[in-house]
Structure formats: structure tokens, C-alpha cells
Amino acid sequence: MNYAVTAVIVTYNTPASRLDAALSALLSQCAVVVVDNSTQAITATKIRGACERHGVDCLSLGGNFGIAHAQNRGIEHALARGAADILLMDDDSVSPPDLVQGLLSARVGSPVQPLVVSARIVNELGRDMSNCRGLSENGLTHCSELTSSGTLVPASVFRHVGLFDETLFIDCVDFEWGWRALKNGIPLMLSDDVSIRHRLGEGERMGLKIPSPIRHYYQYRNVMRMIFRSAAPLRWRVQQSVKLPVKLMLIALLADRRYLRLRYAAWGLCDALLGRSGQFNH
């Protein structure tokens, strides 16, 4: 198999049918490595079976070690096999048939090399959920934050910037890495012509994205950590300082299981102040 461009897909109790669709969409474009964080033995077995049917490498971790750890194992696996570029993909992102070629072509338009280039994120309703809105003359928009799914990263950039911060476990993992890349002089670009469809959160109520309750723990802990101890831009720090209390009010007013969600958020805030990291362990 040619590993020149290798997609790293992280799965977590992912239905085999969804993984089948993701693999079918990508295997005509590049090599694929699946890293499985599943906690359900039956699901993990089905994921291994799907990988065997498609002839792709599967790294079963035997439990949930977080998105950063899983991505790092996949990246290391791909780099050891000679990958020149790593395409990061979530298990619930739907790849168009020209994703890889589109991203490779898009980055040629940048006068600065190397760079990180990402597809725009479109939700199931077709709405652009990307962090950067503007258009540029060469089809690339400069960004200060990129979502990892649909992002093409040259191997040389990982060697220069390093891998993802595993102590974050999940949430802010891609943002933190992107800020490190910018600090090291690596541009983050969003392609104006390439997009992928992505399912975000468990649902939405009155415009509020509703994740699983435990995600509030990681969101509040890691955002607080990024505000005080990261290379985050001042603009982002100020925005999040306003958003955090507003989100608490919206959770209390609109979300289901609100007391559980607020409890997780409170744990996250406390652990951020205490400097705790890694997996939730209360």
C-alpha cells in the first residue's frame, strides 16, 4: 500500500456501517489507519472486522485513551511507514471523492510552505460550521484555529511542531496544536473550495449544540487551561471568558440532564484550577 498520504481515523464505539462508509470514501484517495478507542468489546470486534474487509491497518487500544493519544498513535504508525502527509479524519465526517486531491491542490496556492490546510466543515443541514468565514484571492483563508477533521498536515510539520497534547484527552486538542504550529511559523489555512460533512454533538436545542454531559467537564477544564496556560490568541481568550458563564446559563435553561451537565462543568472548573489533566476520574 502507498502510504504517501495516509488518513488517520479515530473511532469510539463507532457503528461498523459508519466506518464502512468512511473507508469506502477514502480508500480510493489514500491509505488509511484506523485507531480504535472503543470501550465496547462487541463494537471493537466489528471495527476490526470492517478494517480487515477493507484491508486497512487497525490499532485497537483496548479502551478510551482520548482523541489526542489515539491520533498520536495513528500519526506515528503512518510516519513509520513513510507517509509524507497525514489527513486527520473523525469517524463521523463524510469525505467527498476529491477531498485529498482538493487539499493537495489548494495548498499549492500558498506562497508560504510548508503549511496546514483544512477542508471547510459543513453540518448535516449544509451550514458552514468552520471557524473562519472570509474568502481570499488564492482560495485559502488564514485561520488562528482549525478543527482537525479534514485537515492535511505534512509529515515535516509534525516533526517540527510535535504531536498533540495527550493531557487534554479531548476538547481543545486541535486548537492547542494549531497555536503551537502558528508559534513555530506554520500557517493554518482553510480551503474555500473543499468541504466535508460532519455531525456535531448529540443534538441542538434553540441553536445550542448539545454534547454528551461528560464533554462539559473537558470543555470547561480545557478552555480554562487554554485561557491561562497556552499560546491562545488574546481574542480567543476574551471570547471564551465571556462564553463560559453564558454557556452555563444556557445549559441550566435549555439542556436536558441539566444538573448532571452542570456538575460535570463544575468538576472541570475545579480541576482546571487544581492543574489536573488526563481522563475524568471523579
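If you're wondering where the values come from, they're calculated on a predicted model, not measured in any experiment. (Residues numbered from 1 in each chain as written. Predicted model: local features only at pLDDT ≥ 70, side-chain atom pairs only at ≥ 80, totals over all residues. Heavy atoms only, no water.)

Caption draft 1: Geometry of the overall build of the chain. Each helix and strand counted, the chain has nine helices and 11 strands in total. Taken over the C-alpha atoms alone, the chain extends approximately 50 × 50 × 35 Å along its principal axes. Within the chain, buried positions represent 52% of all 282 residues. For the chain, the proportion of contacts with a sequence separation of at least 24, taken over those separated by at least 6, is 75%. With the model as given, the accessible surface of the chain reaches about 13,000 Å², and the carbon-plus-sulfur share is 56%. Of the charged side chains in the chain, 30 are positive and 25 negative, and the gap between their average positions amounts to 7 Å. (Helix = DSSP H or I, 4+ residues; strand = E, 2+ residues; numbered from the N terminus. Buried < 20%, exposed > 50% of the residue type's maximum accessible area, 1.4 Å probe, protein only. Contact = heavy atoms within 4.5 Å. Areas by Shrake-Rupley, 256 points an atom, 1.4 Å probe, with all protein chains shown as cover. Lys, Arg positive; Asp, Glu negative; His and termini not counted. Charge placed at Lys NZ, Arg CZ, Asp CG, Glu CD.)

Caption draft 2: Representation of the pairing of strand β2 (residues 31-36) within the structure. Among the six residues that make up β2, six are buried, leaving the element largely enclosed by the rest of the structure. Burial along β2 is two-sided: the residues A31, V33 and V35 and V32, V34 and D36 are all buried. Alignment of strand β1 (residues 5-11) against β2, held across six bridges, turns out to be parallel. Paired with I9 across the strands is V34, a residue of β2. The parallel pair β1 and β2 is bridged by helix α1 (residues 16-26), and the resulting crossover is right-handed. At this point the chain moves from β2, through helix α2 (residues 41-54), to the parallel strand β3 (residues 57-60), and the crossover so formed is right-handed. (Pairing = 2+ DSSP bridges. Right-handed = clockwise from strand over helix to strand, strands pointing away.)

Caption draft 3: Broad picture of the side chain of E145. Mapping E145 onto the fold places it in the loop between β7 (140-142) and β8 (151-154). A relative accessible area of 7% means that E145 is categorised as buried. A polar contact of 2.9 Å, which involves the side chain of E145, links it to the side chain of S144. Only 3.4 Å separates the side chain of E145 from the side chain of W179, close enough to count as a polar contact. (Polar contact = N/O pair within 3.5 Å; in protein donor to acceptor, adjacent residues only side chain to side chain.)

Caption draft 4: Local environment of the packing of aromatic side chains. Enumeration over the complete set of coordinates arrives at 11 aromatic pairs. Consider the rings of Y264 and F280, whose centres lie 5.3 Å apart with planes at 70°: the pair is edge-to-face. Taken together, the positions of Y264 in helix α9 (residues 258-274) and F280 in the segment after α9 put the pair 16 residues apart, joining distant regions of the chain. Using a relative accessible area of 15% as the deciding quantity, one classes Y264 as buried. Taken together, the ring pairs connect F169, Y217, Y218, Y264, W267 and F280 into an aromatic cluster. (Phe/Tyr/Trp six-rings, centres within 6.5 Å; stacked < 30°, edge-to-face > 60°.)

Caption draft 5: How the structure looks around the side chain of T141. Here T141 shows up in strand β7. In this structure T141 comes out as buried when scored by relative accessible area, which is 9%. Reaching out from T141, the side chain makes a polar contact with the side chain of D192 at a distance of 2.9 Å.

Caption draft 6: Region of interest: the pairing of strand β6 (residues 116-122). Most of β6 is tucked away: seven of the seven residues are buried. When β6 meets strand β9 (residues 188-198), the two strands line up parallel, connected through six bridges. If you follow S118 over to β9, its bridge partner there is L190. Judged from the two bridges that link them, β6 and β8 form a sheet pairing that is antiparallel. Looking at β8, one finds that V117 is bridged to L152.

Caption draft 7: Quick peek at the packing of helix α7 (residues 215-228) against helix α8 (residues 234-254). Two elements in contact, α7 and α8, have axes separated by 10 Å at closest approach and are oriented at 155°. When the interaxial angle is binned, α7 and α8 end up roughly antiparallel. As for the relative orientation of α7 and α8, their crossing is left-handed in sense. From α7, H216, Y220, V223, M224, M226, I227 and F228 reach across to α8, where they touch W236, R237, Q240, S241, L244, K247, L248 and I251. By residue class, the composition of the contact of α7 with α8 is 10 nonpolar, three polar and two charged. (Axes fitted to C-alpha atoms, helices over the stretch in contact; angles between N-to-C directions. Parallel < 35°, antiparallel > 145°, perpendicular 65-115°, else oblique. Left-handed = near helix turned anticlockwise from the far one by under 90°. Nonpolar A, V, L, I, M, F, W, Y, C, P; charged D, E, K, R; others polar.)

Caption draft 8: Representation of the pattern of salt bridges in the model. For the structure on display, the rule yields 14 salt bridges. Linking D91 and R18 is a salt bridge whose minimum nitrogen-to-oxygen distance equals 3.9 Å. Within this pair, whereas D91 is found in the loop between β4 (85-90) and β5 (93-94), its partner R18 is found in helix α1, the two being separated by 73 residues in sequence. Bridged by salt links that share partners, the residues R73, E76 and E166 form one connected network. (Salt bridge = Lys/Arg side-chain N within 4 Å of Asp/Glu carboxyl O.)

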